[in-house]
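Tertiary structure, described
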There are 2 protein chains.
Amino acid sequence: MSLPHPETDQITLPNVLAALGDDTRLAIIGCLARCDASGGLVCGQFSGLTSKTNLTYHVAKLREAGVINVRPEGTKRRVTLRRDDLDQRFPGFLDSVIATAIDLPAVETTMRELASATEPGSA
Amino acid sequence: MSLPHPETDQITLPNVLAALGDDTRLAIIGCLARCDASGGLVCGQFSGLTSKTNLTYHVAKLREAGVINVRPEGTKRRVTLRRDDLDQRFPGFLDSVIATAIDLPAVETTMRELASATEPGSA
DNA sequence: TATCTAGTTCAATGGATATTGAACTAGTGC
DNA sequence: GCACTAGTTCAATATCCATTGAACTAGATA
């Protein structure tokens, strides 16, 4: 872990709520919720949501609040949800947020783009 | 209901999260969670949290997001949590937030003030 | 009617937050 | 070494948000 992440017990509800109270960041969480089982996503895969610079900003916000984990992987950054940590800290919270966030319009759109980008013949 | 409140199905997760992502408002929710069974609270009872003007502002934010109900009662405004509506819309969400919000320092302090203000002999 | 209480409205302010573009850095592969 | 990719940093801006104080309104009470 080369980037600073808060310890589990440093994660606070006000910070997490503030981090999630933004459309772009909520969409990022929605996308992650949909494909976290497959090992998360890298920043570039959220490019449909906003600019590259702005993504760096929002991903950092989520990381600093303790909502996601960001792991360098070559020139990329692999982003995953801190499910276990959040469940431990605020039981039931993440699941209830995800249940709604997973169906947000911005998430639907991004996932569609992501799917078509990995279709055979598009590479 | 003389003040505008969103219908249950108009309540959105981004709005609710943004409304709760503020220390003052989270403290209001914590206080309400503690004594909602006893019929809610009136604005003035949150006076330990911030100024009167600022309370009007934050209470309006929570109301507009659909988190609380505000009912005129003489010159006062009775504030209650929209538990049923939120449970219907985002199952489990409110409970998980309350579990943590109820123990916030600002809530503890406010509840102590509230308790001492209703002690026999203080009226 | 006069006064008090509880809360609102409004305009102004300060501070935080989101967004942008240009320049930059760290890996990867030729 | 060179070019490419992925993401960062920085400074600037634009916007939104929380906070304040003064003046105000509605209802209760004497």
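Up top you'll find the structure we're talking about.
As the structure is a computational prediction, the values presented were derived from the model and not from experiment.

What follows is about the protein's contact with DNA strand D. Near DNA strand D you find 21 residues, and of these K52(A), T56(A), N54(B), Y57(B) and H58(B) are the closest. R77(A) is positioned such that a nitrogen or oxygen atom in its backbone is 3.4 Å from a phosphate oxygen of DNA strand D. R25(B) is positioned with one of its side-chain polar atoms (N or O) 2.8 Å from a phosphate oxygen of DNA strand D. Contributions of two or more residues to the surface near DNA strand D are made by helix 3 (52-65) and strand 3 (76-81) of chain A together with helix 2 (23-35) and helix 3 (52-65) of chain B. It is helix 3 of chain B that provides the largest number of residues to the surface near DNA strand D, a total of five residues. Residue composition of the surface near DNA strand D, grouped by class: three nonpolar, twelve polar and six charged.

So, on to the protein's contact with DNA strand C. As a structural note, the neighbourhood of DNA strand C is formed by 20 residues, with T53(A), Y57(A), H58(A), K52(B) and T56(B) the closest of them. Sugar and phosphate atoms form 58% of the subset of DNA strand C atoms that lie within 4 Å of the protein. The contact in question runs from a phosphate oxygen of DNA strand C to an N or O atom on the side chain of R25(A), over 2.9 Å. When residues of the surface near DNA strand C are traced back to their parent elements, those giving at least two are helix 3 of chain A together with helix 3 and strand 3 (76-81) of chain B. The element that contributes the greatest number of residues to the surface near DNA strand C is helix 3 of chain A, accounting for five residues. When its residues are assigned to classes, the surface near DNA strand C shows three nonpolar, eleven polar and six charged.

Rules of the game
- Residues numbered from 1 in each chain as written.
- Chains lettered and ligands numbered in written order.
- Predicted model: local features only at pLDDT ≥ 70, side-chain atom pairs only at ≥ 80, totals over all residues.
- Heavy atoms only, no water.
- Near = heavy atom within 4 Å.
- Polar contact = N/O pair within 3.5 Å; in protein donor to acceptor, adjacent residues only side chain to side chain.
- Helix = DSSP H or I, 4+ residues; strand = E, 2+ residues; numbered from the N terminus.
- Nonpolar A, V, L, I, M, F, W, Y, C, P; charged D, E, K, R; others polar.

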